[in-house]
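Analysis of the macromolecular model
Letter by letter, the chains look like this.
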Amino acid sequence: MVKISLPLTILFVFLSLIMINHLHAASPKTWCVAKLTAANVQLQENINLGCKRVDCRPIRHGGYCFNPNTLLNHASFVMNAYYQSRNRTQKACNFKNTGTFATTDPSFGSCKYRS
Ligand SMILES: *[C@@H]1O[C@H](CO)[C@@H](O)[C@H](O)[C@H]1NC(C)=O
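The name given to the chain in an unreviewed UniProt entry is X8 domain-containing protein, with Capsella rubella as the source organism. Turning to the chain, the UniProt annotation filed under Subcellular location (unreviewed entry) states: "Cell membrane".

1. Re the overall build of the chain
The helix and strand tally for the chain stands at three helices and two strands. A buried classification covers 31% of the 115 residues belonging to the chain. The contacts of the chain with a sequence gap of at least 6 include a subset with a gap of at least 24, amounting to 69%.

2. A look at the site of the ligand
The local shell around the ligand consists of Ser 85, Arg 86 and Asn 87. Here an oxygen atom of the ligand and a side-chain polar atom of Asn 87 are 2.3 Å apart. For the ligand, whose unbound accessible area comes to 360 Å², protein coverage reaches 29%.

3. Here's the deal with the state of the cysteines
Using the criterion set out here, one finds three disulfides in the structure. Bridging Cys 51 to Cys 56, the disulfide has an S-S length of 2.0 Å. Its torsion about the S-S bond being -90°, the disulfide of Cys 51 and Cys 56 is classed as left-handed. Sequence-ordered numbering of the disulfide-bonded cysteines in the chain gives the connectivity 1-5, 2-3, 4-6.

4. A few points about a positive patch on the surface
Together, Lys 52, Arg 53, Arg 86 and Lys 91 make up a region of like positive charge exposed at the surface. Structurally, Arg 53 is set in the loop between α2 (40-50) and α3 (71-85). The exposed category is assigned to Arg 53, whose relative accessible area is 61%.

5. Some points on α2
All of the buried residues along α2 are Gln 42, Leu 43, Asn 46, Ile 47 and Gly 50. Down the axis of α2, the buried side of the element spans an arc of 145°, and every buried residue falls inside it. Opposite its buried face, α2 presents the exposed residues Asn 40 and Val 41, each directed more than 90 degrees away. Those residues of α2 that are buried lie in contact with β1 (31-34) and α3.

6. As for the nonpolar core
Of all hydrophobic cores here, the largest spans 23 residues; its most connected members are Cys 32, Ile 59, Ala 75, Phe 77, Met 79 and Tyr 113. Where this core is concerned, the elements lending two or more residues are β1, α2 and α3. Considering each element in turn, this core owes the most residues, six residues, to α3. In this structure, Cys 32 is in contact with Ser 76, Met 79, Asn 80, Tyr 83, Cys 93, Phe 95 and Thr 100, ignoring residues within four places of it in sequence.

Calculation criteria
- Residues numbered from 1 in each chain as written.
- Predicted model: local features only at pLDDT ≥ 70, side-chain atom pairs only at ≥ 80, totals over all residues.
- Heavy atoms only, no water.
- UniProt positions renumbered as here; feature names shortened; annotations may be inferred.
- Helix = DSSP H or I, 4+ residues; strand = E, 2+ residues; numbered from the N terminus.
- Buried < 20%, exposed > 50% of the residue type's maximum accessible area, 1.4 Å probe, protein only.
- Contact = heavy atoms within 4.5 Å.
- Near = heavy atom within 4 Å.
- Polar contact = N/O pair within 3.5 Å; in protein donor to acceptor, adjacent residues only side chain to side chain.
- Areas by Shrake-Rupley, 256 points an atom, 1.4 Å probe, with all protein chains shown as cover.
- Disulfide = S-S within 2.5 Å.
- Patch = residues over 30% accessible without salt bridge, like charges linked within 9 Å, V, L, I, M, F, W, Y side chains within 5 Å.
- Salt bridge = Lys/Arg side-chain N within 4 Å of Asp/Glu carboxyl O.
- Lys, Arg positive; Asp, Glu negative; His and termini not counted.
- Charge placed at Lys NZ, Arg CZ, Asp CG, Glu CD.
- Arc of directions from axis to C-beta.
- Core = buried A, V, L, I, M, F, W, Y, C linked by side-chain atoms within 4.5 Å.

Below is the structure:
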């Protein structure tokens, strides 16, 4: 059996960790937003469900993402916050097929989306 020296093993583990970190950092960010075709009733459902899991104060009256006061805007904000909180797993942006992925930051004005 080949005997591998401890210092070499430690070096290997160390380098592997650097590579894993690097790959992680290199993976592109994604956001989750509501599809423009989503029905209002489903958008409202997404908001209701999402707000049980994420902080929805930003889309409440006076919140930094309240305007524009539309279901599409509010649902997108909540759906993204939920998606990010689930570590961006694909199914966390499904919402009965009313969620879609954005590869650029959907934030605008004071409405900052989590990433
Ligand atoms: C997301 O990732 C973090 C760090 O790896 C972990 O602590 C957390 O449990 C994960 N959350 C979910 C919902 O998988």
